[in-house]
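Listed below, chain by chain, are the residues.
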Amino acid sequence: MDLAYIPSPSTGVINLGPIPLRGYAFCIIIGVFVAVWYGNKRWIARGGTAGTVADIAVWAVPFGLVGGRLYHVITDYQLYFSEGENWVDAFKIWEGGLGIWGAIALGAVGAWIGCRRRGIPLPAYADAIAPGIALAQAIGRWGNWFNQELYGKPTNLPWALEISESANREAGTYHPTFLYESLWCVGVALLVVWADRRFKLGHGRAFALYVAAYCAGRAWIEYMRVDEAHHVLGLRLNVWTAIVVFVLAVVYIVISARVSPGREEIVELRTEKTEKSATTDKVEKNEKTEKTEKADDTDAEPEDTTAPADSAAPADSAAEAGSDEDAEHGADNGAGSAAKS
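Residues numbered from 1 in each chain as written. Predicted model: local features only at pLDDT ≥ 70, side-chain atom pairs only at ≥ 80, totals over all residues. Heavy atoms only, no water.

## Concerning the overall build of the protein
Here is step 1 of the chain: A tally of regular secondary structure across the protein gives 10 helices and 6 strands.
Here is step 2 of the chain: The buried share of the protein, taken over its 341 residues, is 35%.
Here is step 3 of the chain: Long-range pairs, those at least 24 residues apart, make up 71% of the contacts in the protein with a sequence separation of at least 6.
Here is step 4 of the chain: Element-wise, carbon and sulfur atoms account for 63% of the exposed surface of the protein, whose accessible area totals about 20,600 Å². (Helix = DSSP H or I, 4+ residues; strand = E, 2+ residues; numbered from the N terminus. Buried < 20%, exposed > 50% of the residue type's maximum accessible area, 1.4 Å probe, protein only. Contact = heavy atoms within 4.5 Å. Areas by Shrake-Rupley, 256 points an atom, 1.4 Å probe, with all protein chains shown as cover.)

## What to know about the packing of aromatic side chains
Here is step 1 of the chain: Enumeration over the complete set of coordinates arrives at 12 aromatic pairs.
Here is step 2 of the chain: Each ring, one from Tyr151 and one from Tyr174, has its centre 4.7 Å from the other, and the planes form 40°; the classification is tilted. With Tyr151 in the loop between α6 (142-147) and β3 (161-163) and Tyr174 in strand β4 (residues 172-174), the pair connects residues that are 23 residues apart, well separated along the chain.
Here is step 3 of the chain: Overall, Tyr151 belongs to the buried group, its relative accessible area being 12%.
Here is step 4 of the chain: Counting every residue linked through ring pairs, the aromatic cluster contains Trp142, Trp145, Phe146 and Phe178. (Phe/Tyr/Trp six-rings, centres within 6.5 Å; stacked < 30°, edge-to-face > 60°.)

## Description of the environment of Gly31
Here is step 1 of the chain: Mapped onto the fold, Gly31 is located in helix α1 (residues 23-45).
Here is step 2 of the chain: Since its relative accessible area comes to 1%, Gly31 is described here as buried.
Here is step 3 of the chain: For the pair formed by Gly31 and Ile139, sequence separation is 108 residues and the distance between their alpha carbons is 5.4 Å.
Here is step 4 of the chain: The contacts of Gly31, once residues within four sequence positions are left out, are Ala136 and Ile139.

## Brief notes about the packing of helix α4 (residues 100-118) against helix α5 (residues 122-140)
Here is step 1 of the chain: The contact between α4 and α5 brings their axes to 12 Å, and the two run at 140°. Regarding α4 and α5, the two cross each other, and that crossing is right-handed. Residues Ile100, Ile104, Ala108, Ala111, Trp112 and Cys115 of α4 form the contact with α5, whose own contacting residues are Leu122, Tyr125, Ile133 and Gln137.
Here is step 2 of the chain: Broken down by class, the residue content of the contact of α4 with α5 amounts to 9 nonpolar, 1 polar and no charged. (Axes fitted to C-alpha atoms, helices over the stretch in contact; angles between N-to-C directions. Left-handed = near helix turned anticlockwise from the far one by under 90°. Nonpolar A, V, L, I, M, F, W, Y, C, P; charged D, E, K, R; others polar.)

## A look at the pattern of salt bridges
Here is step 1 of the chain: Summed over the entire model, instances satisfying the criterion amount to 13 salt bridges.
Here is step 2 of the chain: Here Glu222 ties to Arg218 by a salt bridge, and the two come within 2.9 Å at their closest N and O atoms. Of the two residues, Glu222 and Arg218 are both situated in helix α8 (residues 205-224); the distance of 4 residues between them amounts to about one turn of the helix.
Here is step 3 of the chain: We classify Glu222 as buried; its relative accessible area is 1%. (Salt bridge = Lys/Arg side-chain N within 4 Å of Asp/Glu carboxyl O.)

## A closer look at empty space enclosed by the protein
If a probe the size of a water molecule is rolled over the atoms, the empty space left behind becomes visible.
Here is step 1 of the chain: Considering all chains together, one arrives at 1 cavity of 30 Å³ or more under this definition.
Here is step 2 of the chain: Estimates place the volume of the largest cavity at around 40 Å³.
Here is step 3 of the chain: In terms of lining, the largest cavity is formed by Arg141, Asn144, Leu150, Thr177, Phe178, Glu181, Ile221 and Arg225.
Here is step 4 of the chain: No other element matches the 3 residues that helix α7 (residues 177-199) contributes to the lining of the largest cavity. (1 Å grid on protein atoms, 1.4 Å probe; cavity = no way out; pocket = protein on both sides within 12 Å on 5 of 7 lines; lining within 4 Å. Points joined across faces, edges and corners; volume = space filled by probe spheres on them.)

## Observations concerning the confidence of the model for the protein
Here is step 1 of the chain: Predicted confidence across the protein gives a mean pLDDT of 82, with 78% of residues reaching 70 or more.
Here is step 2 of the chain: Within the model, the stretch residues 303-341 combines pLDDT values under 50 with 0 contacts to residues more than four positions away or in other chains. (pLDDT = per-residue confidence, 0-100.)

## Structural notes on the nonpolar core
Here is step 1 of the chain: In this structure, Trp43, Trp101, Tyr125, Val192, Phe207 and Tyr210 are the most contacted members of the largest nonpolar core, which totals 40 residues.
Here is step 2 of the chain: Among the secondary structure elements, those contributing two or more residues to this core are α2 (52-75), α4, α5, α7, α8 and α9 (237-259).
Here is step 3 of the chain: Considering each element in turn, this core owes the most residues, 10 residues, to α8.
Here is step 4 of the chain: The residues contacting Tyr210, other than those within four sequence positions of it, are Ile104, Ala130, Ile133, Ala134, Gln137, Val188 and Val192.
Here is step 5 of the chain: Grouped together as the second largest cluster of nonpolar side chains are 6 residues, Tyr151, Ile163, Phe178 and Leu179 included. (Core = buried A, V, L, I, M, F, W, Y, C linked by side-chain atoms within 4.5 Å.)

## Quick look at the packing of α1 against α2
Here is step 1 of the chain: Contact geometry for α1 and α2: axes closest at 10 Å, N-to-C directions at 145°. Handedness of the α1/α2 crossing: right-handed. On α2, the residues that touch Ile28, Val32, Val36, Gly39, Asn40 and Trp43 of α1 are Thr52, Val53, Ala54, Ala57, Val61 and Leu65.
Here is step 2 of the chain: Here the residues of the contact of α1 with α2 are counted per class, giving 9 nonpolar, 3 polar and no charged.

## Thoughts on the layout of surface pockets
Here is step 1 of the chain: Considered as a void within the structure, the second largest pocket measures approximately 210 Å³ in volume.
Here is step 2 of the chain: For the second largest pocket, the full set of lining residues is Tyr38, Lys41, Arg42, Ala45, Arg46, Val193, Asp196, Arg197, Lys200 and Arg263.
Here is step 3 of the chain: Elements with a minimum of two residues in the lining of the second largest pocket: α1 and α7.
Here is step 4 of the chain: Tallying contributions element by element places α1 first for the lining of the second largest pocket, with 4 residues.
Here is step 5 of the chain: Residues belonging to the lining of the second largest pocket are distributed by class as follows: 3 nonpolar, no polar and 7 charged.

This is the structure we're talking about:
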């Protein structure tokens, strides 16, 4: 008897009247918002302007969702195009099934389009949003918990995941691989943030570090899963994908560090609108400073006019006293001279 385990939701959908709220979609949406919010903070810190990350995300997110779904459908085509299966289910993205490899690949195409329209270098943008993407994955993986999918081998560990019986799964307790990957992604985000601050990563190297670190974890987590998948030379297809992408990411980091050392000094050229806004702010600041200085001068005027009057009185008294003394001495000297004569 299992004394402790992680229970799975009895349903992945909450109906608010006629509107169904699906846990899987909810997690994906929250992840996107977190990625954009944190990416915006990092972009501003790099010298970019607020709102740029969101503008480019308008291109990247839809492309990423399409790419993720395409990768899943292509690599698990038997779930949709085998005998007895309904190919229409390939479009039911809310039931789960997004391949991160396709999402990143096609999402990068969307980001490239958005960056090109804004005149922004894609590597710098990728560096800014890299930790946010890892956090988005960490949140999105909880969507698999709602759908009771992507779990690992059977286990009796206290943190085992309870899975209920259905047509495609057997009841029991299994390794919660969704939780392992979620925690790993949080660690990846922290690693990228630390390395970026410590080594001033630029020219896409922060993003490449995220990719390499994620692949390292995905390889062993993928190996634990028991859901149906294609195998190549005894390993799951996604394990091979993780290995290949990990090697490519590491090679990019090494070559990039030699070809383009350091970090980009300018990541976004200010637009005419931004420059006008900055100029207006500067003028307003100068006017405010001038008003403050004038107010200070006005307050100081009484002290300046009073001080000479006060100091002049003793000086005049001293002058008068000196004149009297000279007169007296002159009279004495004149009397003395007359006496001698």
